[in-house]
Amino acid sequence: MQFIEATYVGNFIDKQMLFDVFDEVNRYFTENNIDVRLVYIGPLKLAPGYLVSIKTSNGTLRAYPLEALIETLYSRLLQDIKELIEQREGDDTGIIMNKILALTTFPLISRNPYFDFYEKFLGYHETITNLRIMILSTEPFYSEDLENFKMRLFKGVLHEIGHSFGLEHCSGECVMNPPGTIEEWDLRPPTYCDRCFLELKRNAEYDPGLKF
């Protein structure tokens with residue numbers, strides 16, 4: 001079984017909505033016999049000093065630098081893996097845990113180190129020493145329609161998890177098909193296409209990750 005730590009960063013007004021999304025992702029994997037589960041580990045806390053202000057054409061933007069989020073998530077995953085190893089020493093349960101996913105209410109930005117501008121991301125994933133870090137901003141998915149908001153996030157989480165298991169972008173009717181607009185995203189089906197689904201299932205079963 002593959003376990004992915006799930007957390008959030010920022011001031012979520014409706015935490016139940018967030019938990020509903022995590023639950024729906026787990027329900028999807030359960031119903032489709034994919035051995036992947038999200039495990040909620042509580043909120044991720046970053047000191048207010050990490051927040052930066054950036055002037056844009058639409059006003060001042062407040063955000064956590066992507067690099068700070070990645071570093072914090074990586075440290076948390078390392079810590080939890082160490083504790084799991086200590087707790088299960090000599091007990092081979094076949095558990096795999098080498099991934100962490102965070103949702104944030106802030107936009108994802110990264111400062112270009114050579115030029116005076118910031119790059120903005122919808123979602124981001126990075127692999128560090130075989131550990132996979134995933135971050136998804138809820139800001140671009142926002143809708144006053146709560147059910148629509150949750151569905152957009154649900155598909156976004158499936159997209160990032162797909163990347164963490166080696167899936168590339170897809171051109172079919174699939175959550176791995178990146179949209180050009182939010183309207184396109186609303187038309188994407190809340191599932192993987194057959195090709196991506198089979199690849200995800202195969203990779204989840206044979207992932208040579210950290211076993212405990």
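The model shown is predicted, which means the values in this text are computed figures rather than measured ones.

### A few points about unusual backbone geometry
Even without being a glycine, asparagine 33 presents a positive backbone phi close to 55°. If you check the backbone angles, threonine 129 has positive phi at about 45° while not being a glycine. Looking at where threonine 129 falls in the secondary structure, it is placed in the loop between β8 (123–128) and β9 (131–137). Residue threonine 129 is classed as exposed on the basis of its relative accessible area of 56%.

### So, helix α3 (residues 146–164)
Compared with an ideal rise of 1.5 Å per residue, which puts 19 residues at 27 Å, α3 spans 27 Å between its outermost C-alpha atoms and is within 8% of the ideal. Within α3, 15 of the 19 residues are buried, which leaves the element mostly enclosed by the surrounding structure. Measuring from the backbone nitrogen of glutamate 147 back to the side-chain oxygen at the start of α3 gives 3.1 Å, which picks out aspartate 145 as the cap. Just beyond α3, the residue with positive phi is glycine 166, at close to 90°.

### Quick look at the pairing of strand β5 (residues 96–104)
Of all the nine residues making up β5, nine are buried; the element is thus mostly covered by neighbouring parts of the structure. Relative to β5, strand β1 (residues 2–9) runs parallel, the two being bridged by seven bridges. Along β5, the bridge assignment pairs threonine 7 with alanine 102. Here six bridges tie β5 to β9, and the two strands are oriented parallel to one another. Looking across to β9, one finds that leucine 103 is bridged to leucine 136.

### A word on the sheet that holds β5
Taken together, the five strands give an open sheet; going across it, the order is β2-β1-β5-β9-β8, and neighbouring strands pair in mixed fashion. Edge strands, defined here as strands with exactly one partner in the open sheet, are β2 (36–40) and β8. The mean angle between the axes of side-by-side strands here comes to 25°, regardless of whether they run parallel or antiparallel. Packed onto the sheet, helix α2 (residues 66–87) meets β1, β5, β8 and β9 and runs at close to 135° relative to β9. Sheet strands touched by α3: β1, β2, β5, β8 and β9. Its angle to β9, the strand with the most contacts, is close to 155°.

### Description of the packing of aromatic side chains
Applying the stated criterion across every chain yields a total of eight aromatic pairs. In this structure an aromatic cluster arises from ring pairing among Tyr8, Phe19, Phe22 and Tyr40. In this structure, lysine 155 is placed above the aromatic ring of tryptophan 185, and the distance from its NZ or CZ to the ring centre is 5.6 Å.

### Some thoughts on α2
Spanning 22 residues, α2 covers 32 Å between terminal C-alpha atoms, matching the ideal 32 Å at 1.5 Å per step. Along α2, the residues that are buried comprise Leu66, Ala68, Leu69, Ile70, Leu73, Tyr74, Leu77, Asp80, Ile81 and Leu84.

The rules behind these values
Residues numbered from 1 in each chain as written. Predicted model: local features only at pLDDT ≥ 70, side-chain atom pairs only at ≥ 80, totals over all residues. Heavy atoms only, no water. Helix = DSSP H or I, 4+ residues; strand = E, 2+ residues; numbered from the N terminus. Buried < 20%, exposed > 50% of the residue type's maximum accessible area, 1.4 Å probe, protein only. Expected span 1.5 Å × (residues − 1). Polar contact = N/O pair within 3.5 Å; in protein donor to acceptor, adjacent residues only side chain to side chain. Pairing = 2+ DSSP bridges. Axes fitted to C-alpha atoms, helices over the stretch in contact; angles between N-to-C directions. Contact = heavy atoms within 4.5 Å. Phe/Tyr/Trp six-rings, centres within 6.5 Å; stacked < 30°, edge-to-face > 60°. Lys NZ or Arg CZ within 6 Å of the ring centre and 35° of its normal.

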